[in-house]
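Here's the letter readout for the chains.
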Amino acid sequence: MARLPRYIIPGKPQHIIQRGNNRQTIFAAEADYQFFRDALVEAAVKHGLAIHAYVWMTNHIHLLATPGFDDSIGKTFQSVGRRYVRYFNYSYKRSGTLWEGRYRATVVDSEQYLLTLMRYIELNPVRAGMVAAPQDYPWSSYRRNALGESGPNADWLSSHAEYSRLGRDDTDRQEAYRALFATAIDWSDLMAIRDCTHKGWALGGERFRAEIEALGQRRASSKGVGRPRKGEGNRF
């Protein structure tokens, strides 16, 4: 089946996933994460991609980011992908592909899903059983968004307007953001995030999907869109 063309809608946040080929390891040492971070930040700044949340797992990455231009995401991932493959292959004396084809992405309804998606991304290491709490994992945006941490893993992040509306100042926003994690992500939201990202549909309600269809000039949801069945979507 032919792949759907990606949405190219500047100003609309997107959930982006890139996996290692055959789910192989893409980060084997601390230096790998650092190199990837530096390559990503450089490319994102150059190509106008504002990153709001991230997590880098051992064999895949998640980003929540807003493109400033039609080609912001494509050029950023093209640049990072090429640089990182060269670095990784040289470091580990290997050759060939590292990534599982093209990245997956879904455009996101900010008002309905953005904060939920930030939690979804930053809770990945907890769901995977790698850590007990999101603050225990160093390669995610949680420490910046929830604790106000600064440094090379955080200073390049850009706060989305939905996050900024959580409070009057940084302290209030961080406290309100931490409070969101006291409640588990609703099962239907969890499945919607996974299903839409895997299939390339817009993540939002009917009005949002209609808007995206008009802007993107292609369908933004399945003709038979509905709640995924239990057991489906356990991929991310």
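Remember, it's a predicted structure, so these values are computed and weren't measured experimentally.

Caption draft 1: Layout of the packing of aromatic side chains. Overall, the coordinates contain 21 aromatic pairs when judged by the stated rule. Between Tyr84 and Tyr87, the aromatic rings sit 5.6 Å apart at their centres with planes inclined by 40°, giving tilted as the arrangement. Within this pair, Tyr84 and its partner Tyr87 are both found in helix H2 (residues 72-91), separated by three residues, close to a single helical turn. No difference in accessibility class separates Tyr84 from Tyr87, as the two residues are buried. Arg127 extends its terminal NZ or CZ atom over the ring of Tyr120, reaching a point 4.2 Å from the ring centre.

Caption draft 2: Looking closely at the packing of helix H1 (residues 30-47) against H2. Interaxial distance between H1 and H2 falls to 9 Å at its minimum, and their mutual angle equals 150°. Considered as vectors, H1 and H2 are oriented roughly antiparallel to each other. When you trace H1 past H2, the crossing you get is right-handed. Along the contact surface, H1 presents Ala31, Asp32, Phe35, Phe36, Ala39, Leu40, Glu42, Ala43, Ala44 and His47, while H2 presents Ser72, Lys75, Thr76, Ser79, Val80, Arg83, Tyr84, Tyr87 and Phe88.

Caption draft 3: Region of interest: helix H3 (residues 110-122). Look at H3: 17 Å from first C-alpha to last across 13 residues, which is about the 18 Å you get at 1.5 Å a residue. Burial runs high along H3: eleven of the 13 residues are buried. For H3, every residue scored as buried is listed here: Ser110, Tyr113, Leu114, Leu115, Thr116, Leu117, Met118, Arg119, Tyr120, Ile121 and Glu122.

Rules behind the numbers
- Residues numbered from 1 in each chain as written.
- Predicted model: local features only at pLDDT ≥ 70, side-chain atom pairs only at ≥ 80, totals over all residues.
- Heavy atoms only, no water.
- Phe/Tyr/Trp six-rings, centres within 6.5 Å; stacked < 30°, edge-to-face > 60°.
- Helix = DSSP H or I, 4+ residues; strand = E, 2+ residues; numbered from the N terminus.
- Buried < 20%, exposed > 50% of the residue type's maximum accessible area, 1.4 Å probe, protein only.
- Lys NZ or Arg CZ within 6 Å of the ring centre and 35° of its normal.
- Axes fitted to C-alpha atoms, helices over the stretch in contact; angles between N-to-C directions.
- Parallel < 35°, antiparallel > 145°, perpendicular 65-115°, else oblique.
- Left-handed = near helix turned anticlockwise from the far one by under 90°.
- Contact = heavy atoms within 4.5 Å.
- Expected span 1.5 Å × (residues − 1).

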